[in-house]
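# Coordinate analysis (summary)
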Number of protein chains: 2
Amino acid sequence: MYRYKITIAYDGTNFAGFQKQPHQRTVEGVLERAVNKIAKEPAKLIKVYGSGRTDAGVHALGQVVHFDIPFNLANNAMLHALNSILPLDVEVLAVQQVSEAFHARYGTKGKRYCYRLALGEFVDPFKRHYTGHWKFPLDITAIQTALPDLLGKHDFTTFCASGGHTKTNIREIYEATATYNAQENEVVFEFYGSGFLYNMVRIMVAVLIEIGSGKRPVHDISRLIAAKDRNEARQTAPASGLYLKKVYYPAEFEK
Amino acid sequence: MYRYKITIAYDGTNFAGFQKQPHQRTVEGVLERAVNKIAKEPAKLIKVYGSGRTDAGVHALGQVVHFDIPFNLANNAMLHALNSILPLDVEVLAVQQVSEAFHARYGTKGKRYCYRLALGEFVDPFKRHYTGHWKFPLDITAIQTALPDLLGKHDFTTFCASGGHTKTNIREIYEATATYNAQENEVVFEFYGSGFLYNMVRIMVAVLIEIGSGKRPVHDISRLIAAKDRNEARQTAPASGLYLKKVYYPAEFEK
């Protein structure tokens, strides 16, 4: 078997999330169909393995997936074959043949997400599926002051929605930034960490919006982390603003 | 009656164009419903008048519409009322009460369109509804050399699809530009003129792509204009890249 690592982008708007589900259009489902069409192995379903799930409406700029096929196809041929089969809301950006030591899910070293939050009184029609929206005043300096409180290794139970299945809620955040883009009238959040719990980025963004609108003290995050209680952070920012930007692997698997 | 001039943006993806049609979702249809909901005049349907039609899938950044309602509502109250009723793919950007001398369609002085053409081998999932796509090499300098041939007053019959209803095919083009945006890997065309015939911008873009890919001589446009024959320019660039950017009126109606 030959193992392929592929990097994909998708517009999450018309998908019921990444993970395959019966009677639902999912990213995993359309990928699996494309890979099996190329592999032409009717006897056995070839499975695809993503670095992790994304929810319905969440986008990807650099999701990573692996699968095995029984013959050797050049990377560029695989890229063209997949893109010619896949629907237009999924694009394969890169293909790399890797050893069987590579696993898209269990081999990750870190992930980077961004969240686009559109400001302004009304929703821009061209952004309705591609940003969250906040129409009230937002103190971006307060948010930027709060962000370092997220950095480091913490138990993020407060920032974890039920429905995830993980052994531990300890994650490390390496970078957390918020940048105001004046031309777009958007705040772009970016988070780089060892991994993220279920809905963690969207809960962090919701807490940061509360801080930016004066509903929480600027340094409430340290208290929230210590509380280890989701009831302390009940809001979740909408899926439409969230992008899985990059998945990190050990150097030998990075092109 | 009180006449309102409104400026709107819309994502044309999920509309069967601007013009009202039975059993179809149209921009005119959703606007008319919103205006009549506000006017509360069950006895008489209030009509809305656009500056012109846009086809299915064509977007607007500054379409202009007028309508009359039987009572005086402040501009800002009208803005909020409309945006609270309209679906999220239409946004009212500005509202201005105007005299009855204003007519959105018959009073136009000019229009500005832009066309976004994405380059690159594959379609970016986030651009599939918002750009045209060209995957072959494109000589943008050749296009820029050709553009001045469009300027001035001409009979644009060659650039007019059947289905339009106009007294004359003479129009004047004041500006025609093409700019390469390296960050987006897109060519953005912009056309400002007295008015545009049915499909005229999309036919011009298709001809310019042919010039940029060496399928036509750089200065073929003068010959095409002289030919007055649509069969000389058979291609039409996809609707998804086209944006009605601005509609111009005499100074007294411009805020």
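Residues numbered from 1 in each chain as written. Chains lettered and ligands numbered in written order. Predicted model: local features only at pLDDT ≥ 70, side-chain atom pairs only at ≥ 80, totals over all residues. Heavy atoms only, no water.

### Some points on the pattern of salt bridges
Residues and elements named next belong to chain B. Inspection of the entire model under this criterion finds 34 salt bridges over all chains. Among the salt bridges present, the one from Arg-112 reaches Glu-190, with a minimum N-O distance of 3.0 Å. Residue Arg-112 is found in strand S5 (residues 110-118), and its partner Glu-190 is found in strand S9 (residues 186-193); the two are separated by 78 residues along the sequence. Relative accessible area serves as the criterion here: at 17%, Glu-190 is assigned to the buried category. (Salt bridge = Lys/Arg side-chain N within 4 Å of Asp/Glu carboxyl O. Helix = DSSP H or I, 4+ residues; strand = E, 2+ residues; numbered from the N terminus. Buried < 20%, exposed > 50% of the residue type's maximum accessible area, 1.4 Å probe, protein only.)

### So, the pairing of strand S3 (residues 59-69) of chain A
For a regular strand, side-chain orientation follows a simple rule: the groups alternate between the two sheet faces. All names here are of chain A. The buried fraction of S3 amounts to ten of the eleven residues, a majority that puts the element mostly inside the structure. By the bridge criterion, eight bridges tie strand S1 (residues 2-10) to S3 in an arrangement that is antiparallel. Each bridged residue has a counterpart across the sheet, and for Ile-8 the counterpart in S3 is Gln-63. With two bridges connecting them, strand S2 (residues 49-50) and S3 associate as antiparallel partners. The residue of S3 that forms the bridge with Gly-50 is Val-65. (Pairing = 2+ DSSP bridges.)

### Some points on the interface of chain B and chain A
Of the residues lining the interface, 23 residues belong to chain B; the matching set on chain A comes to 24 residues. Each partner contributes to the roughly 1,900 Å² buried at the junction of chain B and chain A, and carbon and sulfur atoms together form 66% of this total. Of all residues in chain B, B:Phe122, B:Phe126 and B:Arg128 bury the most surface against chain A, accounting for 36% of the area lost on that side. Applying the counting criterion to the chain B and chain A interface returns four salt bridges. Across the contact surface, chain B and chain A share four residue pairs in polar contact (both at pLDDT 80 or more). Taken together, the residues of the side of chain B that touches chain A sort by class into 13 nonpolar, four polar and six charged. (Contact = heavy atoms within 4.5 Å. Buried area = accessible area lost by both parts, 1.4 Å probe. Polar contact = N/O pair within 3.5 Å; in protein donor to acceptor, adjacent residues only side chain to side chain. Nonpolar A, V, L, I, M, F, W, Y, C, P; charged D, E, K, R; others polar.)

### A word on the relation of the copies chain B and chain A
Overlaying chain B on chain A yields an RMSD of 0.0 Å, the required transformation being a rotation through 180 degrees with an accompanying axial translation of 0.0 Å. The superposition of one copy onto the other is thereby described by a two-fold rotation axis. For chain B, the smallest separation between a C-alpha atom and the rotation axis is recorded for B:Phe126, amounting to 5.4 Å. (Least-squares fit on C-alpha atoms with pLDDT ≥ 70 in both.)

### Details of the packing of aromatic side chains
What the rule picks out here adds up to 27 aromatic pairs over all chains. Aromatic side chains A:Tyr10 and A:Phe15 sit 6.4 Å apart centroid to centroid with 75 degrees between the ring planes, which places their arrangement in the edge-to-face category. When the centroid spacing of 5.4 Å and the interplanar angle of 85 degrees are considered together, the rings of B:Tyr113 and B:Phe196 count as edge-to-face. With a gap of 83 residues between them, B:Tyr113 in strand S5 and B:Phe196 in the loop between S9 and helix H4 (200-212) connect regions that are remote in the sequence. On the basis of relative accessible area, B:Phe196 is assigned to the buried category, the value being 16%. Among the aromatic residues, those joined into a cluster by ring pairs are A:Phe126, A:Tyr130, A:Tyr243, B:Phe126, B:Tyr130 and B:Tyr243. Sitting above the plane of the A:Tyr248 ring, A:Lys246 keeps its charged end 5.1 Å from the centroid. (Phe/Tyr/Trp six-rings, centres within 6.5 Å; stacked < 30°, edge-to-face > 60°. Lys NZ or Arg CZ within 6 Å of the ring centre and 35° of its normal.)

### Description of the domain arrangement of chain A
Residues and elements named next belong to chain A. Considered domain by domain, chain A is made up of domain 1 (2-107) and domain 2 (110-247). The distance between the C-alpha centroids of domain 1 and domain 2 comes to 28 Å. Between domain 1 and domain 2, the contact holds 16 residues from the first and 16 residues from the second. In total, domain 1 and domain 2 occlude about 1,200 Å² of area from one another, counting both sides; carbon and sulfur atoms represent 55% of this. Looking only at domain 1, the three residues that lose the most surface to domain 2 are Asp-55, His-59 and Leu-61, adding up to 39% of its buried area. Counting the contacts that link domain 1 with domain 2 gives one salt bridge. (Domains from an automatic or database assignment.)

### What about the nonpolar core?
One finds A:Phe67, A:Leu82, A:Phe189 and A:Phe191 to be the most contacted residues of the largest nonpolar core, which totals 77 residues. Composition of this core by domain shows at least three residues from each of domain 1 (2-107) and domain 2 (110-247) of chain A. With residues near it in sequence (within four places) discarded, A:Phe189 still touches A:Tyr113, A:Cys114, A:Tyr115, A:Leu117, A:Ile143, A:Thr177, A:Ala178, A:Val205 and A:Leu208. Counting 76 residues, the second-largest nonpolar core is a separate cluster that includes B:Phe102, B:Ala178, B:Phe196 and B:Val205. (Core = buried A, V, L, I, M, F, W, Y, C linked by side-chain atoms within 4.5 Å.)

### Overview of the packing of helix H1 (residues 27-39) of chain A against helix H2 (residues 75-85) of chain A
Residue and element names in this part refer to chain A. Running from amino to carboxyl end, H1 crosses H2 at an angle of 125 degrees, the nearest separation of the two axes being 9 Å. Classified by the angle between their axes, H1 and H2 sit oblique to one another. Crossing handedness for the pair H1 and H2: right-handed. Of the residues in H2, those touching H1 at Ala-34, Val-35, Lys-37 and Ile-38 are Met-78, Ala-81, Leu-82 and Ile-85. Of the residues in the contact of H1 with H2, the class split is seven nonpolar, no polar and one charged. (Axes fitted to C-alpha atoms, helices over the stretch in contact; angles between N-to-C directions. Parallel < 35°, antiparallel > 145°, perpendicular 65-115°, else oblique. Left-handed = near helix turned anticlockwise from the far one by under 90°.)

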